[in-house]
Amino acid sequence: MAHIAAERGHELATIEFETVALKEIVAANAVKGASAWMSPLWKQLEGLEESWGPGLRSTAIQMGYRFTPKLRKLHGSPAKYQLTAEPVEMDPGDMHPTPTPDGGIRYTPAAVAAPGAVISAGLRGGVVRHTLPLVASTSAFVAIAILLLSFSAWWMVVTGLRSNSPLSTAHVSYAVMWSFASWTMWGLFKFLSQLADLGIVMAPDFLVPLKEDHVTLELRPREGNKKGAFAFVRYTATCPQCKGRVLLHDGGEEFKCRIVGRCGNSPREHVFSFDQKLHVGRPMRG
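Before going into details, it helps to say that this report is about the structure given with it. Owing to the predicted nature of the structure, the values given are computational and were not obtained by experimental measurement.

Here we look at the overall build of the chain
The helix and strand inventory of the chain stands at 5 helices and 13 strands. Taken over the C-alpha trace, the chain has a radius of gyration of 25 Å; the compact-globule value for 286 residues is 19 Å, which it surpasses by more than 25%. When the backbone C-alpha atoms are referred to their principal axes, the chain occupies close to 85 × 50 × 45 Å. In the chain, buried positions account for 32% of the 286 residues. In the chain, the share of contacts with a sequence separation of at least 24, taken over all contacts with a separation of at least 6, comes to 50%. Working note: accessible area of the chain is about 18,500 Å², and carbon and sulfur atoms make up 60% of it.

Right, dumping it as structure tokens:
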């Protein structure tokens, strides 16, 4: 049904079906009644639909379609369900999609809920608008943290010079805590600097939901009337060598300053590059 909606959206805008008919086709032997069988499945689909949006769009463009299927439920007795054809908004660069490299992969994006999604439903799509208050508050937090670290370092040096007491466990503890705070602050500063310079980094675990992993944080620039935004996106692909799932990782020492895709079945050998603009990757092992 989704295939037909995407392929023939210009002439078939809506595909409608009832629960009983769908159950007979998909799960004729299910013990539950049609409504009881469909209801939890439909809720699950509705929860995932928003995160699937970027992947549906990129897949439709790659396959040459100009529509994507949209879920809709019509309340009544019996309830009716629809797949409607939604036009794909095309950018100039989408008219000629990049082909998948030989032996390479194509990444499919999926949105991940941004921090605060529990409070604000608008953040469930994984996008945080690049606003002046957000930038100002982040900059103020970093500046205050640097001032506190500088003041604490000065205080420890001055206190140490004035004190005639021998080195104690308390002195060592203060030094260790200050070193840890400085290391944490340096990591945050480096993270923000890389995001500003490169436009994409691997998102730290504390910024993404516990059930998600291997998520990127992207800085999307302002385009026309669209404001800039921070987007949390999870890219996946299918390994052409073993059909395993490829997820993004930090390049580490071997691939410094790079984000790479590693296959879950063979993460050391089945390694691929990641192009954040074209969403394709090439083998990096021979």
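With respect to the side chain of Thr216
With respect to the helices, strands and loops of the structure, Thr216 is situated in strand S8 (residues 216-220). Classification of Thr216 as buried rests on a relative accessible area of 0%. In this structure, Thr216 is in contact with Ile200, Val201, Met202, Ala203, Ala231, Phe232, Val233, Tyr235 and Leu248, ignoring residues within four places of it in sequence.

Focus: a nonpolar patch on the surface
The grouping of Leu45, Leu48, Trp52 and Leu56 at the surface amounts to a nonpolar patch, some 300 Å² of accessible area in total. Relative to the assigned elements, Leu48 resides in helix H3 (residues 34-62). Using a relative accessible area of 34% as the deciding quantity, one classes Leu48 as partly exposed.

Quick look at the pattern of salt bridges
The full count for this structure, using the stated rule, is 5 salt bridges. A salt bridge links Lys80 to Glu16; the shortest N-O distance between them is 3.7 Å. Placement of the pair is Lys80 in strand S3 (residues 80-87) and Glu16 in strand S1 (residues 14-18), with a sequence separation of 64 residues. Judged by its relative accessible area of 43%, Glu16 falls in the partly exposed class. Here Lys256 ties to Glu253 by a salt bridge, and the two come within 3.5 Å at their closest N and O atoms. When its relative accessible area of 55% is taken as the criterion, Lys256 is described as exposed. Residue Glu253 is classed as exposed on the basis of its relative accessible area of 68%.

Description of the environment of Leu71
Looking at the secondary structure, you find Leu71 in strand S2 (residues 67-74). Sequence-wise, Leu71 and Glu89 are 18 residues apart; in three dimensions their C-alpha atoms are separated by 18 Å.

A few points about the nonpolar core
One recurring pattern in soluble globular proteins is that nonpolar side chains are buried together. Tyr107, Val246, Leu248 and Phe274 are the most contacted members of the largest nonpolar core, which totals 15 residues. Mapped by element, the contributors of at least two residues to this core are strand S7 (200-202), strand S9 (229-238), strand S10 (245-250) and strand S11 (259-263). With 4 residues, the single largest contributor to this core is S9. For Phe274, the residues in contact, after removing those within four places along its chain, are Tyr107, Ile200, Tyr235, Leu248, Ile259 and Val280. Among the nonpolar cores identified, the runner-up in size contains 13 residues, and Val112, Ala114, Leu195 and Val208 belong to it.

Looking at the environment of Asp250
In this fold, Asp250 is placed in strand S10. Judged by relative accessible area, which is 54%, Asp250 ranks as exposed. Each C-alpha atom of the pair Asp250 and Gly261 lies 8.7 Å from the other, and the pair is 11 residues apart in sequence. Sequence-distant contacts of Asp250, that is, excluding residues within four places in its chain, are made with Met202 and Arg258.

Procedures and definitions
- Residues numbered from 1 in each chain as written.
- Predicted model: local features only at pLDDT ≥ 70, side-chain atom pairs only at ≥ 80, totals over all residues.
- Heavy atoms only, no water.
- Helix = DSSP H or I, 4+ residues; strand = E, 2+ residues; numbered from the N terminus.
- Rg over C-alpha atoms; globule rule 2.2 N^0.38 Å.
- Buried < 20%, exposed > 50% of the residue type's maximum accessible area, 1.4 Å probe, protein only.
- Contact = heavy atoms within 4.5 Å.
- Areas by Shrake-Rupley, 256 points an atom, 1.4 Å probe, with all protein chains shown as cover.
- Patch = residues over 30% accessible without salt bridge, like charges linked within 9 Å, V, L, I, M, F, W, Y side chains within 5 Å.
- Salt bridge = Lys/Arg side-chain N within 4 Å of Asp/Glu carboxyl O.
- Core = buried A, V, L, I, M, F, W, Y, C linked by side-chain atoms within 4.5 Å.

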